[in-house]
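# Structure at a glance
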Amino acid sequence: MPTHVLFIRHGETDWNRIKRIQGHVDIPLAQSGVAQAQRLAERLAREARDAAALDAIYSSDLLRAQQTAQPAAAALGLGLRLVEGLRERAYGVFQGHDSGEIADRFPDDYARWQTRDPGFAPPGGESVRAFFHRVLHAVEAIVQAHRGGRIACVTHGGVLDCVYRHARSLALDAPRDYPLLNTSINTVEFRDDGTAQVLGWADIAHLDGASEDDGLAKGARTGR
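Just so we're clear, the structure is a prediction, and the values are computed from it rather than from any experiment. (Residues numbered from 1 in each chain as written. Predicted model: local features only at pLDDT ≥ 70, side-chain atom pairs only at ≥ 80, totals over all residues. Heavy atoms only, no water.)

## Here's the deal with the environment of Glu47
Mapped onto the fold, Glu47 is located in helix α2 (residues 31-49). For Glu47, a relative accessible area of 18% gives the class buried. Residue contacts for Glu47: discarding those within four places in its chain leaves Ala52, Ala53 and Arg150. (Helix = DSSP H or I, 4+ residues; strand = E, 2+ residues; numbered from the N terminus. Buried < 20%, exposed > 50% of the residue type's maximum accessible area, 1.4 Å probe, protein only. Contact = heavy atoms within 4.5 Å.)

Below is the structure:
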């Protein structure tokens, strides 16, 4: 039986607003992100009352994801299950900087980054290829534990990007033309044969107004 997973990007942080790479830096939600998390919880609780319940809620162990997931877990009476494999990509020395600062401070590494080489890793960080396999390994284990169920994974823009590429069989170096929105619900069906299908993407019907995309200045790769 297929398993439905709601991949949810964390709420807005102060660093999201200024396009600063967070990676593994444990940044909390901004007040706007706290409000988004509450609206998410209200929506999931409403859906549960309408017979669209969740069997489990998983979260990245980084604070911004936990703070987004906790209100929903509490509203649904579910324990929050933390998985380190759902963390954002590790960006090493790029973390804490925006793309302009990276270009100034690490020009050679910035130039490599802009080639979209999946094997490139910032000093102290992960390559896109290593990140992709780490994410899929974590997701596979979660899906295996909930065959035929409906679950949520609260995580990060880069993780959503990996899942979308896997489901659509997109190359890791292909430019992104799909959104990765704060507190969006992105639903993917995982089948027993190992294939996956995107059922819904960038759903922010529970939010008031628009939501920020996981993008950087100067067309750099996502990852916050």
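## Here we look at the sheet that holds strand β4 (residues 150-155)
Reading across the sheet, the six strands line up as β3-β2-β4-β1-β5-β6 and stay open at both edges, with mixed pairing between neighbours. A single partner strand is all that each edge strand has here, and the edge strands are β3 (80-82) and β6 (196-203). Direction aside, the axes of adjacent strands within the sheet are offset by 25 degrees on average. In this structure, strand β1 (residues 3-9) lies alongside β4, joined through six bridges in parallel fashion. Note that in β4 the partner of Leu6 across the bridge is Ala152. (Pairing = 2+ DSSP bridges. Axes fitted to C-alpha atoms, helices over the stretch in contact; angles between N-to-C directions.)

## Here we look at the pattern of salt bridges
Any two side chains of opposite charge can pair, so long as their charged atoms come close to each other. Taken as a whole and assessed by the stated rule, the structure comprises 15 salt bridges. Arg17 is paired through a salt bridge with Glu12; the nearest N and O atoms lie 3.2 Å apart. With a relative accessible area of 11%, Glu12 lands in the buried category. A salt bridge links Glu47 to Arg43, with the shortest nitrogen-to-oxygen separation between them at 2.9 Å. Residue Glu47 and its partner Arg43 are located together in helix α2, separated by four residues, close to a single helical turn. No difference in accessibility class separates Glu47 from Arg43, as the two residues are buried. Through salt bridges with shared partners, a single network forms among Arg43, Glu47, Arg150 and Asp203. (Salt bridge = Lys/Arg side-chain N within 4 Å of Asp/Glu carboxyl O.)

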